[in-house]
Amino acid sequence: MPVLLIGTLDTKGVEFAFVRDRLLQAGVACLVLDAGVLQPPLFTPDVPREQVYAAAGTTLDLVRAAGDRGQAVAAAAKGAAAIAQRLHAEGRLEGVLGLGGSAGTTIATSAMRALPFGLPKIMVSTLASGQVRPYVGVRDVCMFHSVVDLSGLNRISRTVLANAAGAMIGMLQSSHRHQTVVTADRPLVTATMFGVTTPCVEAGRALVEEAGYEVLVFHATGTGGQTMEAFVRDGLIAGVLDVTTTELADELVGGILSAGPDRLTAAALRGVPQVIAPGALDMVNFGPPETVPDRFRDRRFYPHNPTVTLMRTTPEENDHLGKEIAHKASAARGPTEVYVPLGGVSALDREGQPFWHPEADRALFDSLRLWMSPHVRLIELDLHINDPAFSRAMAEGLLKMLRKGKN
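Here's what I pulled together on the structure shown here. Position labels on residues start from 1 in each chain and follow its written sequence. Reporting in this predicted model follows two pLDDT cut-offs: at least 70 for local features of residues, and 80 or more for side-chain atom pairs to be given and counted; totals over whole chains, interfaces and linings ignore these cut-offs and use all residues. The basis for every side-chain value is the complete set of non-hydrogen atoms in the structure, without hydrogens or water.

**A word on the overall build of the chain**
Labels follow the DSSP assignment, with helices taken as runs of H or I lasting at least four residues and strands as runs of E lasting at least two, numbered in each case from the N terminus. Counting secondary structure elements, the chain contains 14 helices and 14 strands. Overall size of the chain, expressed as C-alpha extent along the three principal axes, is 70 × 55 × 40 Å. It only takes one pair of heavy atoms within 4.5 Å for two residues to be counted as in contact. Look at the contacts in the chain between residues 6 or more apart in sequence, and 72% of them connect residues 24 or more apart. Counting rule applied: Lys, Arg positive; Asp, Glu negative; His and chain ends not counted. Where a charge lies is defined by one atom per residue type: Lys uses NZ, Arg uses CZ, Asp uses CG and Glu uses CD. Positive and negative charge centroids in the chain, built from 38 and 42 side chains respectively, lie 5 Å apart.

**Quick word on empty space enclosed by the protein**
Both cavities and pockets are sets of points on a 1 Å grid over the protein atoms alone; in a cavity a 1.4 Å probe fits but cannot get out, in a pocket the set is open with protein on both sides within 12 Å along at least five of seven lines, and lining residues sit with an atom within 4 Å of a point. Grid points are joined across faces, edges and corners, and a volume is the space filled by probe spheres set on the points. Overall, the coordinates contain one cavity of 30 Å³ or more when judged by the stated rule. In this structure, the largest cavity encloses a volume near 50 Å³. Of all the secondary-structure elements, those providing two or more residues to the lining of the largest cavity are helix H9 (223–233), strand E8 (239–242) and helix H11 (266–270). In this classification, Asp, Glu, Lys and Arg are treated as charged, Ala, Val, Leu, Ile, Met, Phe, Trp, Tyr, Cys and Pro as nonpolar, and every other residue, Gly included, as polar. Of the residues that constitute the lining of the largest cavity, the class distribution is seven nonpolar, two polar and three charged.

**Some details on the nonpolar core**
Definition of nonpolar core: a set of buried residues of the types Ala, Val, Leu, Ile, Met, Phe, Trp, Tyr and Cys, connected through side-chain atoms within 4.5 Å. When accessible area is computed with a 1.4 Å probe and restricted to protein chains, residues below 20% of their type maximum are described as buried, those above 50% as exposed, and intermediate ones as partly exposed. The biggest cluster of nonpolar side chains holds 36 residues, and the ones touching the most others in it are Leu-4, Ile-6, Leu-33, Val-96 and Ile-107. Among the elements of the structure, strand E1 (3–7), strand E2 (30–34), helix H2 (49–55), helix H3 (60–66), helix H4 (69–89), helix H5 (102–113) and helix H6 (133–136) are those that each provide at least two residues to this core. The greatest single-element share of this core, amounting to nine residues, is contributed by H4. With sequence-adjacent residues up to four places away left out, Ile-107 is seen in contact with Ile-6, Thr-8, Ala-35, Val-73, Ala-76, Ala-77 and Ala-80. Membership of the second largest hydrophobic core comes to 25 residues, among which are Phe-16, Phe-43, Leu-150 and Val-160.

**A look at the packing of aromatic side chains**
Aromatic pairing here means that ring centres of Phe, Tyr or Trp (its six-membered ring) are within 6.5 Å. Orientation follows from the plane angle: under 30 degrees is stacked, over 60 is edge-to-face, and everything else is tilted. Across all of its chains, the model carries five aromatic pairs by this definition. Considering the side-chain rings of Phe-117 and Phe-231, the 5.4 Å spacing of their centres and the 50° angle between planes classify their relative orientation as tilted. In this pair, Phe-117 is assigned in the loop between H5 and strand E4 (121–125) and Phe-231 in helix H9, connecting sequence segments 114 residues apart. The exposure class of Phe-231 is buried, given its relative accessible area of 7%. Ring centres of Tyr-302 and Phe-355 lie 6.5 Å apart, and the angle between their planes is 75°; this geometry places the pair in the edge-to-face category. Here the residue Tyr-302 occupies a position in strand E11 (residues 301–305), and Phe-355 occupies one in the loop between strand E13 (336–341) and helix H13 (358–371), the gap between them amounting to 53 residues.

**Here's the deal with the sheet that holds strand E7 (residues 214–219)**
Taken in spatial order, the six strands line up as E7-E6-E8-E9-E13-E14 in an open sheet, and their pairing is parallel. Looking at which strands have only one partner, the edges of the open sheet turn out to be E7 and strand E14 (377–381). Across the sheet, the mean angle separating the axes of adjacent strands is 20° when strand polarity is ignored. Contacts from helix H8 (residues 198–210) reach strand E6 (188–193), E7 and E8, with the element oriented near 170° to E6. When DSSP locates at least two bridges between a pair of strands, those strands are taken to pair. The angle between two axes is taken between their N-to-C directions and runs from 0 to 180 degrees, where each axis is a line fitted to C-alpha atoms and a helix contributes only its stretch in contact.

**Examining the sheet that holds E11**
The pairing of strands in a sheet happens through backbone hydrogen bonds and is either parallel or antiparallel. Ordered in space as E10-E12-E11, the three strands form an open sheet in which the pairing is antiparallel. With one partner strand each, in any of the chains shown, strand E10 (283–286) and E11 form the two edges of the open sheet. Shown here is a sheet whose adjacent strand axes are inclined to one another by a mean of 30°, direction ignored. Sheet topology note: the E11/strand E12 (residues 308–312) ladder contains four bridges and is antiparallel. Looking at the pairing, Pro-303 lines up with Thr-309 of E12.

Without other data, these values stay purely geometric and don't point to any function.
Written out as structure tokens, the structure is:
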């Protein structure tokens with residue numbers, strides 16, 4: 001099966017020919033996709049640009065006539081993603097490699113993000129040393145810094161491009177030797193964790209793994225929650241131990257670790273068994289103290305470390321969060337249970353700790369009781385979230401669902 005090379009052959013043809021030839025010399029088959037617009041490609045691609053724009057629902061002539069570079073890039077990204085998905089579905093794709101500046105990176109990584117975990121994905125980019133979250137998203141995209149601009153071949157670019165080709169060759173050899181996550185013999189369970197919920201998650205993970213499952217723990221930092229949701233949507237996950245739903249608070253209040261509005265929806269939509277707790281909903285995350293918006297200056301804060309400032313959520317915010325969890329859990333198509341630790345939702349939320357705020361917790365718990373559908377089990381325990389008994393209850397609840405699903 002071939003590696004798909006994605007880029008603009010009118011501006012990066014020389015560089016693509018170099019990478020293609022390195023792969024071919026190593027016995028790796030290649031398909032070259034051209035997403036250029038203006039000038040003719042340097043060499044004839046396997047997937048011409050006309051096919052790329054047709055896959056995006058437009059034509060090359062229309063894109064050229066519009067004269068809008070942003071629209072052209074967006075269309076090329078959409079078309080490249082559609083073609084990559086089709087090739088993969090047909091069993092004709094072994095890896096993806098792209099190279100370029102902002103436009104080439106946008107186009108190639110759109111295709112990479114449309115492909116499943118485990119398929120080798122390498123992006124040689126002038127942007128790889130900066131903020132790459134928009135390009136990587138929740139996929140295993142390897143961002144490879146070009147060091148110099150991709151404008152012709154020189155001693156630096158040759159080295160970088162040769163290394164990128166070598167990395168792809170190595171990935172392909174490795175993928176032939178090892179089982180992937182999809183073919184592993186132990187079913188996968190996901191869990192969400194923060195430092196302030198670590199004892200709960202670690203104890204729960206141990207119990208679930210003892211029962212024969214492999215547990216993937218995601219750090220609830222926004223990207224972590226998004227990645228977990230993506231794994232669930234991809235059908236890779238048997239069950240969810242969603243202890244730490246703190247990202248919902250950042251989305252509501254405006255913190256820096258939001259996982260977006262779709263957090264806590266994938267398991268519900270796919271019918272995957274899930275247990276949910278309001279872990280770390282007592283906090284919203286910001287950067288250093290000076291980065292906290294002025295509108296929050298009168299709130300209660302805790303310096304987690306020099307680069308992370310935590311802000312206590314209010315009773316009003318907790319009321320909203322309880323309603324959101326209840327609505328999302330109540331919409332689930334599969335077995336769902338919500339566990340409530342009446343003794344506090346994080347290490348900072350217990351008597352004597354900085355975020356102990358019984359009124360705020362009460363608002364959260366009352367809201368869960370009020371809005372939860374009767375068909376969802378709401379288990380209230382007079383325990384702190386990090387008490388071993390609470391962790392055991394959640395783990396055993398999930399395992400019971402999973403065993404029932406096997407019968």
